[in-house]
Amino acid sequence: MSSPPTPVPGSLSLPVLADYYPEQSQRIRQNFEVAGEGAAVLRDRSELVDSIVVRLYSEFIAADPQQPRRLCLVALGGYGRHELFPHSDIDLLFLTEDENIQSLHRDGIATLLRMLWDFRMRVGNSTHTLAECGRLYRDNLEFNVSLLDIRYLAGDVDLFGRLRSTVVPHLVARDRADLIRNLVELTGQRHNKHGNTIFHLEPNLKDSPGCLRYLHVCRWLARIDELEK
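Think of each chain on its own: its residues are numbered from 1, step by step along the sequence as written. It should be noted that, the model being predicted, local features are given only for residues of pLDDT at least 70 and side-chain atom pairs only at 80 or more, the latter also being counted only at that level, while totals for whole chains, interfaces and linings use all residues. Excluding hydrogens and water, the side-chain values take into account all heavy atoms of the structure.

Draft legend 1. Spatial organisation of the overall build of the protein chain. Secondary structure counts use DSSP, requiring at least four H or I residues in a row for a helix and at least two E residues in a row for a strand, with both numbered from the N terminus. Helices and strands together make up the secondary structure of the protein chain, namely 9 helices and 4 strands. Secondary structure of the protein chain in N-to-C order comes out as α-α-β-α-β-α-α-β-α-α-β-α-α. We compute the radius of gyration from the C-alpha atoms alone; for a globule the expected value is 2.2 Å times N to the 0.38, where N is the number of residues. A compact globule built from 229 residues would reach a C-alpha radius of gyration of about 17 Å, and the protein chain, at 19 Å, matches this within 12%. Here the C-alpha coordinates of the protein chain stretch approximately 50 × 45 × 25 Å along the principal axes. Contacts in the protein chain between residues at least 24 apart in sequence constitute 72% of all its contacts with a sequence separation of at least 6. Using a 1.4 Å probe, the Shrake-Rupley method yields the accessible areas, and only the shown protein chains count as cover for residues. Here the protein chain has roughly 12,200 Å² of accessible surface; of this, 51% comes from carbon and sulfur atoms. Only four residue types enter the charge count, namely Lys and Arg as positive and Asp and Glu as negative; His and the chain termini do not. Note on charges: their place is set at NZ of Lys, CZ of Arg, CG of Asp or CD of Glu. Each charge sign in the protein chain was given a centre, from 27 positive and 31 negative side chains, and these centres are 2 Å apart. Between two residues, a contact is recorded if the distance between any of their heavy atoms is within 4.5 Å.

Draft legend 2. Main features of the packing of aromatic side chains. Geometry of aromatic contacts follows a simple scheme: Phe, Tyr and Trp rings, the Trp one being its six-membered ring, pair when their centres are within 6.5 Å, and the pair is stacked under 30 degrees between planes, edge-to-face over 60, tilted otherwise. Per the stated rule, a full pass over the model turns up 2 aromatic pairs. Note on Tyr137 and Phe143: the rings are 5.9 Å apart at their centroids and 80° apart in plane angle, and the pair reads as edge-to-face. By the burial criterion, Tyr137 is buried, and Phe143 matches it. In our convention, an over-ring charge means Lys NZ or Arg CZ found within 6 Å of a ring centre and within 35 degrees of that ring's normal. The ring centre of Tyr79 lies 5.1 Å from the NZ or CZ of Arg151, which sits over that ring. Each residue is placed in one exposure class: buried if its accessible area under a 1.4 Å probe, protein chains only, is under 20% of its type's maximum, exposed if it is over 50%, and partly exposed if it falls in between.

Draft legend 3. Just empty space enclosed by the protein, in detail. The definitions used throughout rest on a 1 Å grid laid over the protein atoms alone, on which a cavity is an enclosed set of points accommodating a 1.4 Å probe that cannot get out and a pocket is an open set flanked by protein within 12 Å on both sides along at least five of seven lines; lining residues are those having an atom within 4 Å of a point. Grid points are joined across faces, edges and corners, and a volume is the space filled by probe spheres set on the points. Enumeration according to the criterion identifies 2 cavities of 30 Å³ or more in this entry. For the largest cavity, the calculated volume is near 40 Å³. The wall of the largest cavity is formed by Thr187, Arg190, His191, Lys206, Asp207, Ser208, Arg213, Tyr214 and Val217. When contributions to the lining of the largest cavity are tallied by element, the ones reaching two or more residues are α8 (157-193) and α9 (212-228). Side-chain classes are defined by residue name, with Ala, Val, Leu, Ile, Met, Phe, Trp, Tyr, Cys and Pro counting as nonpolar, Asp, Glu, Lys and Arg as charged, and the others, Gly among them, as polar. Across the lining of the largest cavity, the residue classes tally to 2 nonpolar, 3 polar and 4 charged.

Draft legend 4. A look at the sheet that holds strand β4 (residues 151-155). With respect to topology, 4 strands assemble into an open sheet ordered β3-β2-β1-β4, the strand pairing being mixed. Of all the strands in the sheet, the pair left with one neighbour each is β3 (123-129) and β4. The average angle at which neighbouring strand axes cross in this sheet is 25°, direction not considered. For two strands to be treated as a pair, DSSP must find no fewer than two bridges joining them. Note that strand β2 (residues 90-96) and β3 share 7 bridges and pair parallel. Looking at the pairing, Ile90 lines up with Val123 of β3. Each axis is a line fitted through C-alpha atoms, taken for helices only over the stretch in contact, and angles between the N-to-C directions span 0 to 180 degrees. Where helix α2 (residues 38-60) meets the sheet, it contacts β1 (71-75), β2 and β4, and its direction lies at approximately 25° from that of β4. Sitting on the sheet, α8 touches β1, β2 and β4, and the angle it makes with β2 is about 105°.

Draft legend 5. Here's a closer look at helix α1 (residues 14-35). The end-to-end C-alpha distance of α1 is 32 Å, a good match for the 32 Å that 22 residues give at a rise of 1.5 Å each. The complete set of buried residues in α1 reads Leu14, Leu17, Tyr20, Tyr21, Gln24, Ile28 and Asn31. Considering only its buried residues, α1 is in contact with α2 and α5 (106-118). Take the residue count of a helix, subtract one, and multiply by 1.5 Å to get its expected span.

Shape descriptors only; they carry no functional weight alone.
Printed below as a string of structure tokens:
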């Protein structure tokens, strides 16, 4: 069985932390080459990134990882599902109560993100208020879909709870038809791009019919159905 990444010591200096990520990533790869456990790779990479992100959060935003009030850091998408592939983007949402909180912590957020990029991580990020997360973005429905896979990382626990328990279910109940239509259309576009067939000698393992993204769509549809009840 593979061994998980070593937790980041709270006192680890930032220059040393820069070496920690590639060292632990190599360890995860070596574990996989020995054990062949793909699911362990996804879980261990997610936990590795968690430890680094929370360490930087405590350095640049709040020493107490459950502070400040009215701001929290949320994992989205595959990262939110604890399914972080070796070359996947690390999708982060900085959730705030209002725009005043965004302004107050803008510099800290920018510094945290810059450190992740300096560590050669592929980071996708957005900053939204709670109210903005409750809107349907017809020109960016992928953001709405990403809210189906959210996971708390740091900050105001109550704010995250409102997002998960109130805002997202309300969004799904109100805009269910649009979300489902978008998922069906995007799935069709991906399949058409790859010939709409499973009979490829070298299929795209993410976007071809029957492959990974197809599984994700099934999960999202099930999640939409679950939240609507």
